[in-house]
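Architecture at a glance
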Amino acid sequence: PSVTSRHGVAKSEENSKPSRFHLDLWFYFTLQNWLLDFGRPIAMIILPLEWFPLNKPSAGDYFHMAYNVLTPFLLLKLIERSPKTLPRSMVYVSIITFVMGASIHLVGDSVNHRLIFSGYQHHLSVRENPIIKNLKPETLIDSFELLYYYDEYLGHSMWYIPFFLILFIYFTGCFTPVEEESRMPVPALLLMGPSSLYYWYLVTEGQIFILYIFTFFAMMALVMHQKRKGLVLDSNGLFLFYSFIITLLLIALWVVWLWNDKILRKKYPGVIYIPEPWAFYTLHMNNLHAAKESF
């Protein structure tokens, strides 16, 4: 009986635990996403090639290494801040898989981005790239396709599935019966733009729209289910939910803008047409740079 009572007290304390907006964690999370994930290929292109020879890790690779350490740490801290006790085993397995996938991606992405300096064009498939299709023996092309598979498919799957799973697990604990806690402070509103824009980049560059939209639908279903119980999203849940909504709008605008691009259409066939930003860059922005240099 005493054990039961202790558990009952713990449970009531857990349920009465007030929910505050985690400004520090969301700020660090957004900042390191922009600097270490979005910023890594930019750093690789901007910094002088003499500093990071092609046969050595680039500046972007060191950014990626830092991302692989800091992101799991911040995700764990986010889970710890949840007012609800969440399934620890699932969280730990997800974090381990996340680190494995991000590390696999680090190697594949490092080589693929270094190939840009040799004339590799991301808007073309591996076999259609001029610097690849003339390789001898032809079995080398298979090796580059394997590298592309580890980078774009296996690495992305093992990286992003646990990432979105952890966010959803955290989201399940973001409900409260207190209406006053269902408000976002001004800093949350300011952070929502950069956060949503990063998720747009993550979904489009990672080609994970199906994973993202299923996560978003699961969030919507959970919100409607909890509403019947008289529970509403707290400030952290609102921040995450609204960020996903804005992300969807940004993706729609991106697709509409590039809807009639015949070259990117060939690169991304099928029903779901969502071009990668870096494919757009190598196709259009590189041409603009070349035109300026010719003048």
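Residues numbered from 1 in each chain as written. Predicted model: local features only at pLDDT ≥ 70, side-chain atom pairs only at ≥ 80, totals over all residues. Heavy atoms only, no water.

1. Focus on the UniProt feature "transmembrane region" (unreviewed entry) in the chain
Following the UniProt record, the feature "transmembrane region" (unreviewed entry) maps to residues 25-47, 62-79, 91-108, 159-178, 208-225 and 237-259 here. Taken end to end, residues 91-108 comprises 100% helix and 0% strand; its first and last C-alpha atoms sit 26 Å apart. Secondary structure content for residues 159-178 is 65% helix and 10% strand, and the end C-alpha separation is 35 Å. (UniProt positions renumbered as here; feature names shortened; annotations may be inferred. Helix = DSSP H or I, 4+ residues; strand = E, 2+ residues; numbered from the N terminus.)

2. Remarks on the confidence of the model for the chain
In this model, the chain carries an average pLDDT of 86, and 90% of its residues clear a pLDDT of 70 or more. Confidence over residues 1-16 falls short of pLDDT 50; this stretch has three contacts with residues more than four positions distant or in other chains. Confidence drops under a pLDDT of 50 for residues 288-295, and excluding neighbours within four residues, the segment shows one contact in the predicted structure. (pLDDT = per-residue confidence, 0-100. Contact = heavy atoms within 4.5 Å.)

3. Things to note about a nonpolar patch on the surface
Taken together, the side chains of Leu23, Phe27, Tyr28, Leu31 and Leu35 present a nonpolar region at the surface, about 460 Å² in accessible area. Within the secondary structure, Phe27 is located in helix H2 (residues 23-46). (Patch = residues over 30% accessible without salt bridge, like charges linked within 9 Å, V, L, I, M, F, W, Y side chains within 5 Å. Areas by Shrake-Rupley, 256 points an atom, 1.4 Å probe, with all protein chains shown as cover. Salt bridge = Lys/Arg side-chain N within 4 Å of Asp/Glu carboxyl O.)

4. Observations regarding the environment of Thr71
On the secondary structure map, Thr71 appears in helix H3 (residues 59-80). Looking at Thr71, the relative accessible area reads 0%, which means it is buried. Linking Thr71 and Tyr28, residues 43 residues apart in sequence, is a C-alpha distance of 9.6 Å. Those residues in contact with Thr71 that lie beyond four places of it in its chain are Phe29, Gln32, Phe98 and Phe163. At a separation of 2.9 Å, a polar atom in the side chain of Thr71 contacts the main-chain carbonyl oxygen of Tyr67. (Buried < 20%, exposed > 50% of the residue type's maximum accessible area, 1.4 Å probe, protein only. Polar contact = N/O pair within 3.5 Å; in protein donor to acceptor, adjacent residues only side chain to side chain.)

5. Re unusual backbone geometry
Put simply, Lys136 and Pro137 share a cis peptide bond, and its omega is -10°. Tracing the backbone through its elements, the reader meets Pro137 in the loop between helix H5 (130-133) and helix H6 (139-171). At Gln207, a position not held by glycine, the phi torsion is positive, near 55°. Relative to the elements of secondary structure, Gln207 occurs in the loop between helix H7 (186-206) and helix H8 (209-228).

6. Quick word on the environment of Thr247
Note that Thr247 resides in helix H9 (residues 235-257). Note: C-alpha distance between Thr247 and Pro83 (164 residues apart in sequence) is 26 Å. Once you skip the residues sitting within four places of it in the chain, Thr247 turns out to touch Ser196, Tyr199, Trp200 and Tyr212. In terms of polar contacts, Thr247 uses its side chain to reach the backbone carbonyl oxygen of Ser196, at 3.2 Å.

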